[in-house]
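What follows is the residue order along each chain.
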Amino acid sequence: MLLLYTIYLTILIQISPKLTASVDNVKVHGEAVGTDYFTSHSFNVPISPQTITFNDPDIKEWHFHVYWFQTNPTSYQHAMKIHSLLIDAVTTKQFIVVFHGITDEILPGVNVSAIPKINITPIGPHPCGSFEVWTPKEYFPQAMSFFMRNRGDLTILLHPLSPHEIEDHTARTMWLGPSFPLDLTVLTMDLEFVPLQYPELGLGYSAK
């Protein structure tokens, strides 16, 4: 038995350099890459020092996405209950967030035409019924507390807003409840700037 084990180790030592060489010589788009190219992170190009570090400013705006099963009436009703409670919270000035249903009367000055509608079917990267809740850093703690207390059995996706959409929807996401697979093919890897939402409110990235 010991002899067989010794022979096995000898063979393994002899062939291991060849195995290593075969990995080291892999080329992607004409460039040699090592084993660190294969990653569970959100990169889809060979890793280099420039792609490992993101020189982003502090995150100042987020999206909460309330998910529900669009063919399940109970799930939908629960989501609309959360929607109603959010309307009440903004109306009574507990905190400021923007989502479908907020009006100029509730939040003076907001550009209502820029507010996305409630999605009763999958849209964008989101695989089920959902609605988006824009949240500036000034009211992030209050919004997080609200969703933690009121989500029940629903899942809520939280992600930041930065120039890196894929990173924001993968490595930087947080989930309240079970996670869902997202369709990343509709997202842009790198934008030239942080997409501003509702600058007229003077919050988040638009604060002076």
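In short, a report on the structure. (Residues numbered from 1 in each chain as written. Predicted model: local features only at pLDDT ≥ 70, side-chain atom pairs only at ≥ 80, totals over all residues. Heavy atoms only, no water.)

**Some words on the pairing of strand β5 (residues 156-160)**
Each regular strand shows side chains that alternate between the opposite faces of the sheet. The buried fraction of β5 is high, at five of five residues. Every second residue of β5 is oriented toward a common face, with I156, L158 and P160 on one face and L157 and H159 on the other, all of them buried. In terms of strand pairing, strand β3 (residues 61-68) meets β5 through five bridges, oriented antiparallel. By the bridge assignment, H65 is partnered in β5 with L157. By the bridge criterion, three bridges tie β5 to strand β6 (residues 174-176) in an arrangement that is antiparallel. (Buried < 20%, exposed > 50% of the residue type's maximum accessible area, 1.4 Å probe, protein only. Helix = DSSP H or I, 4+ residues; strand = E, 2+ residues; numbered from the N terminus. Pairing = 2+ DSSP bridges.)

**Details of unusual backbone geometry**
Unlike most non-glycine residues, K93 shows phi in positive territory, near 60°. Within the chain, Y198 stands out as a residue other than glycine whose phi angle is a positive 55°. As for its position among the elements, Y198 is in the segment after β6.

**Points about the sheet that holds β6**
What the four strands build is an open sheet, ordered β4-β3-β5-β6; its pairing is antiparallel. Whereas interior strands pair on both sides, the edge strands pair on one side only; in this sheet they are β4 (129-136) and β6. The average undirected angle you get between the axes of adjacent strands in this sheet is 20°. Set on the sheet, helix α4 (residues 140-150) makes contact with β3, β4, β5 and β6; between it and β3 the angle comes to about 15°. (Axes fitted to C-alpha atoms, helices over the stretch in contact; angles between N-to-C directions. Contact = heavy atoms within 4.5 Å.)

**Observations regarding the environment of H83**
The topology assignment puts H83 in helix α3 (residues 73-91). Residue H83 is classed as buried on the basis of its relative accessible area of 12%. Spatially, the C-alpha atom of H83 lies 10.0 Å from that of I118, the residues being 35 residues apart in sequence. When residues no more than four places from it in sequence are discounted, the contact partners of H83 are F99, H100, G101, I118 and F131.

**With respect to the packing of aromatic side chains**
On inspection of all chains with the given rule, the structure shows 13 aromatic pairs. Summarising the aromatic geometry, the rings of W68 and F131 are spaced 6.3 Å apart at their centres and angled 45° between planes, so their arrangement reads as tilted. Pair noted here: W68 is in strand β3 and F131 is in strand β4, with a separation of 63 residues, a long-range link. Judged by its relative accessible area of 3%, W68 is buried. With a centroid separation of 5.9 Å and 35° between ring planes, the pair formed by F69 and F180 is classed as tilted. Here F69 is found in the loop between β3 and α3, whereas its partner F180 is found in the segment after β6, with 111 residues between them in sequence. Each residue in the set W62, F64, F95, F140, F146 and F147 is aromatic and connected to the rest through ring pairs, giving one cluster. (Phe/Tyr/Trp six-rings, centres within 6.5 Å; stacked < 30°, edge-to-face > 60°.)

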